Amino acid sequence: MKFFVDTADIAEIRDLAATGLVDGVTTNPSLVAKTGRNFIEVIEEICSVVAGPVSAEVTALDSVAMIEEGRKLAKIAKNIAVKVPLTWDGLRACKALAGEGTMVNVTLCFSANQALLAAKAGASFISPFIGRLDDINLDGMELIHDIRTIYDNYDFPTEILAASIRSANHVKEAALVGADVATVPPGVLRGLANHPLTDKGLELFLADWKKTGQKIL
Ligand code: G3P
């Protein structure tokens, strides 16, 4: 499973990218707004730090303007994935941009049929929002499972990018049902390595090691 980090905070991205475990970055207008910075500058900086796909979202609502915005974003760097919403205009823009060789991430996906359309439109990534479905008492993970089955039935190459991930359990469940990518907020990503028994075990090992009086270096 690939890990993307779901933030526009460059300090967080630099810190996590240094682990070598970050395969890409996703942003959205809300995440960019949180930084208080210029959108294009932030995306340029992220692309200079991370070699994998960096999602940058259009804000136009009609397909013609989305395509124009998408072309401008795609020029920022080779690893830009233009993010478009799952509307008919977004699907038209996806088809056009994908036809020009641009990676497209179709976002705000809440149903399997929407995901089917995105794959047919040539999306590189489909972003089903797990947490927001769970928020309204639906099952986000069931959606990932359904999309996995449909994409496998027809050999669609579109990658399933589990989004709106809120917890470590979301990451585990998304991996179990076969999502290709999880885009994870920095705090959740860091939490994946934590276990109290790891901390306790390390403490005991080091206490015993100290008793030996030895050093490795
Ligand atoms: O990747 C999509 C994500 O940014 C949305 O997450 O927590 O706002 O639903 P959330």
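Everything below is about the structure shown above.
To keep things clear, this report deals only with the structure shown in the data block. Note that the structure is predicted; figures quoted are calculated from it, not measured.

**With respect to the layout of surface pockets**
Link 1 in the chain: One number sums up the size of the largest pocket: a volume of about 280 Å³.
Link 2 in the chain: No other element matches the 3 residues that helix H2 (residues 29-35) contributes to the lining of the largest pocket.
Link 3 in the chain: Taken together, the residues of the lining of the largest pocket break down into 6 nonpolar, 7 polar and 5 charged.

**Structural notes on the sheet that holds strand S7 (residues 159-162)**
Link 1 in the chain: Reading around the barrel, the 8 strands line up as S1-S2-S3-S4-S5-S6-S7-S8 and close back on themselves, with parallel pairing between neighbours. Strand-to-strand twist of the sheet, defined as the mean angle between neighbouring strand axes without regard to direction, takes the value 30°.

**Describing unusual backbone geometry**
Link 1 in the chain: Here the phi dihedral of Leu 108 falls at roughly 60°; this positive angle occurs in a residue that is not glycine.
Link 2 in the chain: Among the structural elements, Leu 108 can be located in strand S5 (residues 103-109).
Link 3 in the chain: Residue Leu 108 is classed as partly exposed on the basis of its relative accessible area, which comes to 31%.
Link 4 in the chain: Unusually for a residue other than glycine, Ser 164 sits at a positive phi of about 55°.

**Points about the environment of Ile 43**
Link 1 in the chain: Among the structural elements, Ile 43 can be located in helix H3 (residues 39-49).
Link 2 in the chain: Residue Ile 43 is classed as buried on the basis of its relative accessible area, which comes to 0%.
Link 3 in the chain: For the pair Ile 43 and Arg 132, spaced 89 residues apart in the sequence, the C-alpha separation amounts to 25 Å.
Link 4 in the chain: For Ile 43, the contacting residues outside a window of four places in its chain are Thr 27, Ser 55, Ala 56, Ile 76 and Ile 80.

**A short note on the pattern of salt bridges**
Link 1 in the chain: This structure, assessed with the given rule, holds 13 salt bridges.
Link 2 in the chain: Put simply, Glu 159 and Lys 2 hold a salt bridge, and the shortest N to O gap is 2.9 Å. Separated by 157 residues along the polypeptide, Glu 159 in strand S7 and Lys 2 in strand S1 (residues 2-6) bring together distant segments of the chain.
Link 3 in the chain: Taking relative accessible area as the criterion, Lys 2 reaches 34% and is therefore assigned partly exposed.
Link 4 in the chain: Here Glu 57 ties to Lys 83 by a salt bridge, and the two come within 3.9 Å at their closest N and O atoms. A residue pair is termed long-range when its members are at least 10 positions apart, and Glu 57 in strand S3 (residues 54-57) and Lys 83 in strand S4 (residues 80-85) qualify at 26 residues. In this structure, Glu 57 and Lys 83 share a single accessibility class: buried.
Link 5 in the chain: Overlapping salt bridges, with partners in common, bring together Glu 12, Asp 15 and Arg 190 in one network.

**Some words on the packing of aromatic side chains**
Link 1 in the chain: Applying the stated criterion across every chain yields a total of 4 aromatic pairs.
Link 2 in the chain: Aromatic side chains Phe 110 and Phe 129 sit 5.6 Å apart centroid to centroid with 65° between the ring planes, which places their arrangement in the edge-to-face category. Within this pair, whereas Phe 110 is found in the loop between S5 and helix H6 (112-120), its partner Phe 129 is found in the loop between strand S6 (125-128) and helix H7 (130-135), the two being separated by 19 residues in sequence.
Link 3 in the chain: Overall, Phe 129 belongs to the buried group, its relative accessible area being 8%.

Each value, and the rule that gives it
- Residues numbered from 1 in each chain as written.
- Predicted model: local features only at pLDDT ≥ 70, side-chain atom pairs only at ≥ 80, totals over all residues.
- Heavy atoms only, no water.
- 1 Å grid on protein atoms, 1.4 Å probe; cavity = no way out; pocket = protein on both sides within 12 Å on 5 of 7 lines; lining within 4 Å.
- Points joined across faces, edges and corners; volume = space filled by probe spheres on them.
- Helix = DSSP H or I, 4+ residues; strand = E, 2+ residues; numbered from the N terminus.
- Nonpolar A, V, L, I, M, F, W, Y, C, P; charged D, E, K, R; others polar.
- Pairing = 2+ DSSP bridges.
- Axes fitted to C-alpha atoms, helices over the stretch in contact; angles between N-to-C directions.
- Buried < 20%, exposed > 50% of the residue type's maximum accessible area, 1.4 Å probe, protein only.
- Contact = heavy atoms within 4.5 Å.
- Salt bridge = Lys/Arg side-chain N within 4 Å of Asp/Glu carboxyl O.
- Phe/Tyr/Trp six-rings, centres within 6.5 Å; stacked < 30°, edge-to-face > 60°.

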